[in-house]
Amino acid sequence: MWRLRRAAVACEVCQSLVKHSSGIKGNLPLQKLHLASRNGYHSRHPTLKLQRPHLRTSFQQFSSLTNLPLRKLKLSPVKYGYQPHRNFWPARLAARLLKLRYLILGSAVGGGYTAKKTFDEWKDMIPDLSDYKWIVPDIVWEIDEYIDFEKIRKALPSSEDLAKFAPDMDKIVESLSLLKDFFTTGSPGETAFRATDRGSENDKHYRKVSDKEKIDQLQEELLHTQLKYQRILERLEKENKELRKLVLQKDDKGIHHRKLKKSLIDMYSEVLDVLSDYDASYNTQDHLPRVVVVGDQSAGKTSVLEMIAQARIFPRGSGEMMTRSPVKVTLSEGPHHVALFKDSSREFDLTKEEDLAALRHEIELRMRKNVKEGCTVSPETISLNVKGPGLQRMVLVDLPGVINTVTSGMAPDTKETIFSISKAYMQNPNAIILCIQDGSVDAERSIVTDLVSQMDPHGRRTIFVLTKVDLAEKNVASPSRIQQIIEGKLFPMKALGYFAVVTGKGNSSESIEAIKEYEEEFFQNSRLLKTSMLKAHQVTTRNLSLAVSDCFWKMVRESVEQQADSFKATRFNLETEWKNNYPRLRELDRNELFEKAKNEILDEVISLSQVTPKHWEEILQQSLWERVSTHVIENIYLPAAQTMNSGTFNTTVDIKLKQWTDKQLPNKAVEVAWETLQEEFSRFMTEPKGKEHDDIFDKLKEAVKEESIKRHKWNDFAEDSLRVIQHNALEDRSISDKQQWDAAIYFMEEALQARLKDTENAIENMIGPDWKKRWLYWKNRTQEQCVHNETKNELEKMLKCNEEHPAYLASDEITTVRKNLESRGVEVDPSLIKDTWHQVYRRHFLKTALNHCNLCRRGFYYYQRHFVDSELECNDVVLFWRIQRMLAITANTLRQQLTNTEVRRLEKNVKEVLEDFAEDGEKKIKLLTGKRVQLAEDLKKVREIQEKLDAFIEALHQEK
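A brief structural summary. Computed from a prediction, not measured in an experiment: that's the story for all the values here.

Calculation rules
- Residues numbered from 1 in each chain as written.
- Predicted model: local features only at pLDDT ≥ 70, side-chain atom pairs only at ≥ 80, totals over all residues.
- Heavy atoms only, no water.
- Helix = DSSP H or I, 4+ residues; strand = E, 2+ residues; numbered from the N terminus.
- Buried < 20%, exposed > 50% of the residue type's maximum accessible area, 1.4 Å probe, protein only.
- Contact = heavy atoms within 4.5 Å.
- Pairing = 2+ DSSP bridges.
- Patch = residues over 30% accessible without salt bridge, like charges linked within 9 Å, V, L, I, M, F, W, Y side chains within 5 Å.
- Areas by Shrake-Rupley, 256 points an atom, 1.4 Å probe, with all protein chains shown as cover.
- Salt bridge = Lys/Arg side-chain N within 4 Å of Asp/Glu carboxyl O.
- Axes fitted to C-alpha atoms, helices over the stretch in contact; angles between N-to-C directions.
- Parallel < 35°, antiparallel > 145°, perpendicular 65-115°, else oblique.
- Nonpolar A, V, L, I, M, F, W, Y, C, P; charged D, E, K, R; others polar.
- Disulfide = S-S within 2.5 Å.

Within the protein one finds 35 helices and nine strands. Expressed as a percentage of its 960 residues, the buried residues of the protein come to 43%. Pairs at least 24 apart in sequence give 79% of the contacts found in the protein among residues at least 6 apart.

And the structure:
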């Protein structure tokens, strides 16, 4: 009974394996089954002696594809008896699977430890790339802004749902262990898996493929993958650019972040502009970062800058120097692609070709204006702002190209000037040097690399850019030479990053989009990328722009606070110096001082209109007589007085007065009036104002006065009207009262006495000191003076003999005088006798005229009677009355013209001059000078710089 029960159990196990084995379909032949299985078909088989426990297969018990509950049978220990030879391959399969389990588990443990150890070794070999994070584009770090990973995560199935589809490995292992205990393990490995052997043979065949082909294939796949993602990135950036443009145009409240980023670079650019004004010589005080673009002439600096700005904004020329002064370009985001200068409000639309041409022309004009006469380049900076959607925020300075030889038409010091300008910008320890090298020429001909290596020997702030790579690949025989240039092995210069770009086909009319397409197409087919000489992130101006922008902002964040602290210290020092030197004065800079001086000058001009008419007429009359007195005495009065009778005297006077009025007198009167206005204006401008007077304005007031007087012109119609008035005044001979008669006599006496005094002085200079001065002051006469004295004495004797002598000496009289002098041993020349006679006779005549003037004091009565029945004739008094009246009328006319017209016109000219000076910074610097002005100017600039730096730092922290 016990044997039958065990046989039944074994039969059930075999039937279960037959029915549920995954590798067997249909019914098996009986002779193929186990002996215990045959008993299931033939229950009365006499030879069946199999002793096996009843067991159900684990394929059915732990299958994940059925939900039927299965019973697990308990196996009792049995003794094995005689067993014939069995050919039962599922049991052998289970046994091999159990062996494979140990192999897999052992391999997994050993392989895991080996993999961990290898990973740690590789990790230690990999360098620290944290300093090169700027090479990776911003969009990689900001990809979570464009892709909603949370939404994707929610859409994916959970780990519990996925676990439902995975097999239960614990149950599988348990079933396999049961099978191992049930079946024997003594069978040889005759039924090994042939499929596994065939797989091993295929693996061996696959390993025969050469490693070189694998590497080539992997490189090709990597290149295509990089280009694929590069195109995807460019497409996303283009879409992002359009979205940014739309967002910036809407001016919504929800875009504060973009507005902050836009204003941040503008704030930083303003700080640099103020610094450039404060520190025109670019001293070491200014250590704020800039991207300095340097390179050899025609190396492609301007083209690289235009690709970064995405517009052809600079003048172009074939081989000639176009960049003649530094150009500071501030790139920032904006809804429209426009450009504008710092000192102008005009916007140039960079999407229109006519505006681009106008912008290039304006830049060229400004460069030529900055270049002084006799020079080729200028250190003065042109500040330009370029805004547009998708532009990388940074500040770049395009410098003149470095030259090796000074050609014809250049100043002799052009090479040294370019070197000094480049060094001035590059010596800033926080400046990013963008070194441009022409790839189409021999690297040994480059000059700029040596200059850059001197300024940044460790390459911590240098980015090397190889331009014209398309021409280099076409012309260079060995592509590895380009790789050496890119990797910095061909130069002693070290760099933070190396890039290769293509900036067009050499046609200046190419658009930026066309250049981009050509650049992308070239690098897609270039051997430099296919052979891994260049990495994908090292090519295209787009990657260069991203890298430079990231490096720029990294440098800004690292250095701006240190610069702010240094300016705080500078401000404290300047304020302390001002308090010690000027404790009672306000801190007025040059512009504020100019405004103060301007108000004072305008007040002084207005005070001209407050001058009384009497004062104007007095100074005009006196000035006019001083101007015409010589002509009146010498050319009118003296010739007329030589006549013998009153009729001839009056006729001569009338003729000469008419000629004088028609030709000279009106012009002289206008000149006198203009000079009088100048003198009064100068008196108001220069006279001290007591304690309120500030001598710091003296140079400015003097310059304003001179420029205003130079610009002021008298009305041309004034002479014509004045001529008529003067002519009518001189025609009048009727003296109405005794008062006017006495005034005329007084005027005549003053004029004659002044002339007599001048004549006495002339005679004294001619004959030397008299006996009194010789004795008191120990002075002696010269030989010539002695001759003049002897001649004078001889001529005076002649006049005493004939007091009515005419004004001129006759020839015989000259001969007589000369012979008389020779008899006394004095040799004289006839010309000396004539000169001496002129002064002697003039003194004699003036004394006689003064005596006659005294006689005419009581001659008004005879004048009223026209000197009838009287030997006294006072026609000379009438002449001076006519002159005096003409002077009074002329002075009154000029005063009216001054107060009504000319003072206002002068005030207008002064205002124009002040406005011109206000716009001319160099003029203000020249006219407002001194330690006080410079100290106030520095203090104001430092305060402004500090305030702007503090605002920029605050905005920078907000952006973080």
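On we go from here.
Moving on to the pairing of strand 5 (residues 382–387). The buried count for strand 5 comes to five of six residues, which makes it a mostly enclosed element. Relative to strand 5, strand 2 (residues 327–332) runs parallel, the two being bridged by six bridges. Following the sheet pairing, S332 is matched in strand 5 by K387.

In this section: a nonpolar patch on the surface. A cluster of nonpolar side chains, contributed by W771, W775, L776 and Y777, occupies part of the molecular surface with about 610 Å² of accessible area. Since its relative accessible area comes to 58%, W771 is described here as exposed.

Summed over all chains, the structure comprises 38 salt bridges. Each of R571, E575, E587 and R943 takes part in one network of salt bridges that share partners.

Our next topic: the sheet that holds strand 8 (residues 462–467). Two orientations exist for strands paired in a sheet by backbone hydrogen bonds: parallel and antiparallel. One open sheet accounts for nine strands, arranged 4-3-5-2-6-1-7-8-9; its pairing is mixed. In this open sheet, the two strands that pair with only one neighbour each are strand 4 (348–349) and strand 9 (497–500). Relative to strand 6 (residues 394–398), strand 1 (residues 291–295) runs parallel, the two being bridged by three bridges. Looking at strand 6, one finds that V291 is bridged to L396. The sheet contacts of helix 13 (residues 353–370) involve strand 2, strand 3 (338–341), strand 4 and strand 5, and relative to strand 5 the element is tilted by about 160°.

Across the interface, helix 27 (residues 738–767) lies against helix 29 (residues 783–801) with an axial gap of 7 Å and an inter-helix angle of 125°. One finds that helix 27 runs oblique with respect to helix 29. Of the residues in helix 29, those in contact with I763, N765, M766 and I767 of helix 27 are Q785, H788, N789 and K792. Classifying every residue of the contact of helix 27 with helix 29 gives three nonpolar, four polar and one charged.

For the rest of this paragraph, the subject is the state of the cysteines. Throughout the structure, instances matching the rule amount to one disulfide. Across the disulfide from C856 sits C874; the S-S distance is 2.1 Å. Across the disulfide from C856 to C874, rotation about the S-S bond amounts to roughly -100°, and the bridge is consequently left-handed. With C856 in the loop between helix 31 (830–855) and helix 32 (860–864) and C874 in the loop between helix 32 and helix 33 (875–919), the pair connects residues that are 18 residues apart, well separated along the chain. The buried category is assigned to C856, whose relative accessible area is 0%. The thiol of C853 is unpaired, and the distance to the nearest cysteine sulfur, on C856, comes to 6.7 Å.

The backbone of Q310 sits at a positive phi, close to 60°, despite the residue not being glycine. Relative to the helices and strands, Q310 is located in the loop between helix 12 (301–309) and strand 2. Residue classification places Q310 among the buried residues on the basis of a relative accessible area of 17%. Backbone geometry at K468 places phi at a positive 55°, although glycine is not the residue there. Mapped onto the secondary structure, K468 falls in the loop between strand 8 and helix 16 (469–475). On the basis of relative accessibility, which here comes to 22%, the residue K468 falls in the partly exposed class.

By themselves these figures say nothing about function.
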